[in-house]
Amino acid sequence: MAAKNIFSKHLPNVKLATRFDADGNEIQVEKREDEEQKRKEQNIIETLVTAGYYRAHIQGLSSFDKIVGGMTWCIEACDYDVDVDLLFHENLTIGQKIALTEKIVAVLPRMQCPFLIEPHQIQGFDFINIFPVVQWLVKRSVENRSKKADTLRKLAATQFQNHFTLATDQELQRLRVKQLANLRAVEAKYPPKRAFRLRKAAGGGWVPVRPKDTPEVDEDHAQLGSGGVMDESEAEIPLSSLEQEFDFEVLFKSLAREHNLPAELSEMDYAALTRRYDEFRQQAAGSSNAPSLSERNAIKKRLTEKLALEKEVEQARAECAQVQATVKDEKRRLQEAKDQNESLKEEIRNLDNLEISEEHQKILDHVKQLVLKNENMKKQETLFKENCKKELAEMQEKIEKAEISTPDDDMRELQRQLEMEQERLKSLRLQLAKKNRAYVSINRQLDNIPDRTELAQYQRRFLELYNQVGAKHRETKQFYTLYNTLDDTKLYLEKEMSLLNSIYDNYASAMQTPHMREQFVQQFDTIVEGIRATKTKLRKKCDEERAKRDALNGQLQCLVEQQRKYAATVKQLTLECQRNEALMQHLKVLKNSTPSGSQPQP
């Protein structure tokens, strides 16, 4: 295939020629348009107008002004500061436009915009990449404006409630004050009163208990209800009835529930507790005849036993908690081991399934080859060790011989070997130096040849430089033209001022006599004739310049037409070359597929 010239392609939206009218304004001669770019531009303008930026709907504004103005408006609506003037100036250079767009691009990362864009893309009207950014900015600005509206609405409602009150609210407040007064009166008249409640005893009876937050009262008042009369269910229960209704198993279960202990007892523990309870009951029955000292000793003994039992219970609880933690840890380890086992089984099943496909079968064969190769390497390692042992034996023999030989012979032999190695090292260094020089030379030659990417970059930079130089030249030319025009205008205005001053100075003296008045009028006629001659000369010069401009525009049109024809011819030639190569390739395939003895059929 023929090499494609990368300089022959035309980029979209690239001006091929530039013309200026009589006022010095630029006339668009021809511009290659891209339909997708045009559609994206229209979408951007519609999006901005829909969002509320109606300035983008003005037909007299340029696309750069609309897009940059819309993006700046959206960014400022999102409460981000952009140092950009919304009223842009005319005839901005490429550098000024890029500097203007760099301020906008610098704000987008701070807004966490998910789309990336460069300043030259905005300046070069890359609407395909600009559209997502504008769409995101419009969405963000609409959300921010809605949040602002909600905040202002809430603030207005709050300020209204702080400074104004509706008639319905005032009436409701008056009713609420009356209702609160009635409620307070009712609460003060009927205050709450606390009464004693009953708790079921361990033996099955009922015991009156005063709540913790009630004040100390007498026994007679404690046994009265809310009406001041003692209830039969709240009366004091004698000890004999407690003993008759007492159940040791119920007591133990209640204690087990209170102390979070297991409720199951062995037969020995149950018998020991029963005996201890019988002794306690006998002592309680004969407590009326026993002396007070023995009672106190028995109580102290029971308290000591109680403390000992409590300590044993605490130790049992600690051991139980430790055992439970150990069991929990072991369960967790068992679950981890089960999960690991399941994952390994799943991996084994996956590997078994992978062996089924042809591709994985190839990989398995390759692995088997590597295993065989590993075994061969082990065999070679064994052989190598045997060879090393043999060489070791030979070296030991040489050492024994060396021990027999004299030092002078050894020195001469070592000197000879050293000289041989030095000569060998010198020759290897020379060869390495030659290889390095050849490598550096080839590398330098390769670096001197630019690749397609570098050529494309050179082309892009040359086009940008050409456009920038052209814009700068056009701007400088406009400044020169403006300066010359203003200088000529100033010259003519100075002449007019001097002429008017001379007329004003000589008017009084010229109007004194008719002869001087006639002479003054003749001078006026001479001045008017000179002005007309100058005007005719300047108009003739202007017509000549316009004729030159028209001739140059005609030549430019011819050159543009030739350029268009050249581009079309190059494109057609490229297509024909590709077609020729395809036909040659097809002919070669036909020749290869046809036997040597037979002729191809037409």
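Residues numbered from 1 in each chain as written. Predicted model: local features only at pLDDT ≥ 70, side-chain atom pairs only at ≥ 80, totals over all residues. Heavy atoms only, no water.

### Some thoughts on the overall build of the protein
Inclusion rule: Secondary structure counts use DSSP, requiring at least four H or I residues in a row for a helix and at least two E residues in a row for a strand, with both numbered from the N terminus. The criterion used for residue contact is that any of the two residues' heavy atoms lie within 4.5 Å. Note on areas: Shrake-Rupley, 1.4 Å probe, and residue coverage restricted to the protein chains presented here.
Of the regular secondary structure elements, the protein holds 15 helices and four strands. Contacts in the protein between residues at least 24 apart in sequence constitute 52% of all its contacts with a sequence separation of at least 6. As displayed, the protein offers around 49900 Å² of accessible surface, 56% of which is attributable to carbon and sulfur atoms.

### Focus: the packing of helix H1 (residues 35-51) against helix H5 (residues 127-163)
Here is the rule we go by: Interaxial angle, 0 to 180 degrees, is taken between N-to-C directions of lines fitted to C-alpha atoms, where a helix line uses only the stretch in contact. When describing relative orientation, an angle under 35 degrees is termed roughly parallel and one over 145 degrees roughly antiparallel, while 65 to 115 degrees is termed roughly perpendicular and anything else oblique.
The N-to-C vectors of H1 and H5 enclose an angle of 10°; their axes lie 9 Å apart at closest approach. In this view, H1 runs roughly parallel relative to H5, as classed from their interaxial angle. Contacts between H1 and H5 pair Glu36, Gln37, Lys40, Glu41, Asn43, Ile44, Thr47, Leu48 and Ala51 from the former with Phe127, Ile128, Ile130, Phe131, Val134, Val138 and Arg145 from the latter.

### Overview of the pattern of salt bridges
Going by this rule: Here, a salt bridge means any side-chain nitrogen of Lys or Arg that lies within 4 Å of a carboxyl oxygen of Asp or Glu. Relative accessible area decides the class of each residue, using a 1.4 Å probe on protein chains only: under 20% of the type maximum gives buried, over 50% gives exposed, and in between gives partly exposed.
Taken as a whole and judged by the stated rule, the model has 14 salt bridges. Put simply, Asp150 and Arg153 hold a salt bridge, and the shortest N to O gap is 2.8 Å. Separated by three residues within a single helix, Asp150 and Arg153 lie in helix H5, roughly one turn from each other. By relative accessible area, which is 37% here, Asp150 ends up partly exposed. Across the pair Glu330 and Arg333 runs a salt bridge, and its minimum N-O distance is 3.8 Å. With Glu330 and Arg333 both in helix H11 (residues 292-354) and three residues apart, the pair spans about one turn of that helix. Within this structure, Asp329, Glu330, Arg332, Arg333 and Glu336 form a network of salt bridges that share partners.

### Re the confidence of the model for the protein
Heads up, the condition is: Every residue carries a pLDDT, the predictor's confidence in it, which falls somewhere between 0 and 100.
For the protein, per-residue confidence averages 76 on the pLDDT scale, and residues scoring 70 or more make up 74% of the total. Ranking the elements of the protein by mean pLDDT puts helix H7 (residues 219-222) last with 40 and helix H15 (residues 514-593) first with 90. Residue range residues 213-246 is modelled with pLDDT below 50. Its contacts to residues more than four positions away, or to other chains, number 34 contacts.

### Let's talk about a negative patch on the surface
For the record, the criterion: Residues form patches when they are more than 30% accessible in relative terms and have no salt bridge. Like charges link within 9 Å. Nonpolar side chains (Val, Leu, Ile, Met, Phe, Trp, Tyr) link within 5 Å. None of His or the chain ends enter the tally, which takes Lys and Arg as positive and Asp and Glu as negative. Working definition for charges: the position is that of NZ of Lys, CZ of Arg, CG of Asp or CD of Glu.
A cluster of acidic residues, Glu391, Glu394, Glu397, Glu400 and Glu403, forms a negative patch on the protein surface. Position of Glu394 among the secondary structure elements: in helix H12 (residues 358-404).

### Describing H15
The test is simple: In this analysis, the expected span of each helix is defined as 1.5 Å times one less than the number of residues it contains.
For H15, spanning 80 residues, the distance from its first C-alpha to its last is 118 Å, which sits close to the expected 118 Å at 1.5 Å a residue. By the burial criterion, the buried members of H15 are Phe520, Asn553 and Val560.

### Re the packing of aromatic side chains
So the rule is basically this: Working definition: a ring pair exists when centres of Phe, Tyr or Trp rings (six-membered ring for Trp) sit within 6.5 Å. Plane angles under 30 degrees give stacked, over 60 give edge-to-face, the rest tilted.
One pass over the full model with this rule turns up four aromatic pairs. Taking 5.7 Å as the distance between ring centres and 35° as the angle between the ring planes, the aromatic pair formed by Tyr53 and Trp73 counts as tilted. With Tyr53 in the loop between H1 and helix H2 (63-77) and Trp73 in helix H2, the pair connects residues that are 20 residues apart, well separated along the chain. For Tyr53, a relative accessible area of 6% translates into the label buried. With relative accessibility at 22%, the residue Trp73 sits in the partly exposed group. Note on Tyr507 and Phe520: the rings are 6.3 Å apart at their centroids and 70° apart in plane angle, and the pair reads as edge-to-face. Of the two residues, Tyr507 is situated in helix H14 (residues 452-510) and Phe520 in helix H15; the sequence distance between them amounts to 13 residues.

### A short note on the packing of H14 against H15
Counted only if it meets this: Residues are sorted three ways: Asp, Glu, Lys and Arg are charged, Ala, Val, Leu, Ile, Met, Phe, Trp, Tyr, Cys and Pro are nonpolar, and all the rest, Gly among them, are polar.
In contact at an axis separation of 11 Å, H14 and H15 are set at 170° when each is read in the N-to-C sense. Accordingly, the angle class assigned to the pair H14 and H15 is roughly antiparallel. The residues of H15 that touch H14, namely those facing Tyr492, Leu499, Ile503, Asn506, Tyr507, Ser509 and Ala510, are Met516, Arg517, Phe520, Phe524, Ile527, Ile531, Thr534 and Leu538. Of the residues that constitute the contact of H14 with H15, the class distribution is 11 nonpolar, three polar and one charged.

### Looking at the nonpolar core
Worth spelling out the cut-off: Definition used in this section: a nonpolar core is a set of buried Ala, Val, Leu, Ile, Met, Phe, Trp, Tyr and Cys residues joined via side-chain atoms within 4.5 Å.
Formed by 32 residues in total, the largest nonpolar core has its most connected members in Ile44, Leu48, Met71, Ile75 and Leu137. Setting aside residues no more than four positions away along its own chain, Met71 makes contact with Ile104, Ile122, Val133, Val134 and Leu137.

### Description of the side chain of Thr101
The residue Thr101 is located in helix H3 (residues 94-107) in this model. In contact with Thr101, not counting residues within four places along its chain, are Phe64, Val68, Pro119 and Ile122.

### As for the environment of Asn467
Residue position: Asn467 is located in helix H14. For Asn467, a relative accessible area of 42% gives the class partly exposed. Along the primary structure Asn467 and Ile94 are separated by 373 residues, whereas in three dimensions their C-alpha atoms are 8.2 Å apart.

### Brief notes about unusual backbone geometry
Here the phi dihedral of Gln112 falls at roughly 60°; this positive angle occurs in a residue that is not glycine. Within the secondary structure layout, Gln112 lies in the loop between H3 and helix H4 (119-123).

### Observations concerning H5
If you check H5, its first and last C-alpha atoms are 52 Å apart, about what 37 residues at 1.5 Å a residue would give, namely 54 Å. Every buried residue of H5 is listed here: Phe127, Ile130, Phe131, Val133, Val134, Trp136, Leu137, Val138, Ser141 and Asn144. At its buried positions, H5 is contacted by H1, H2 and H4.

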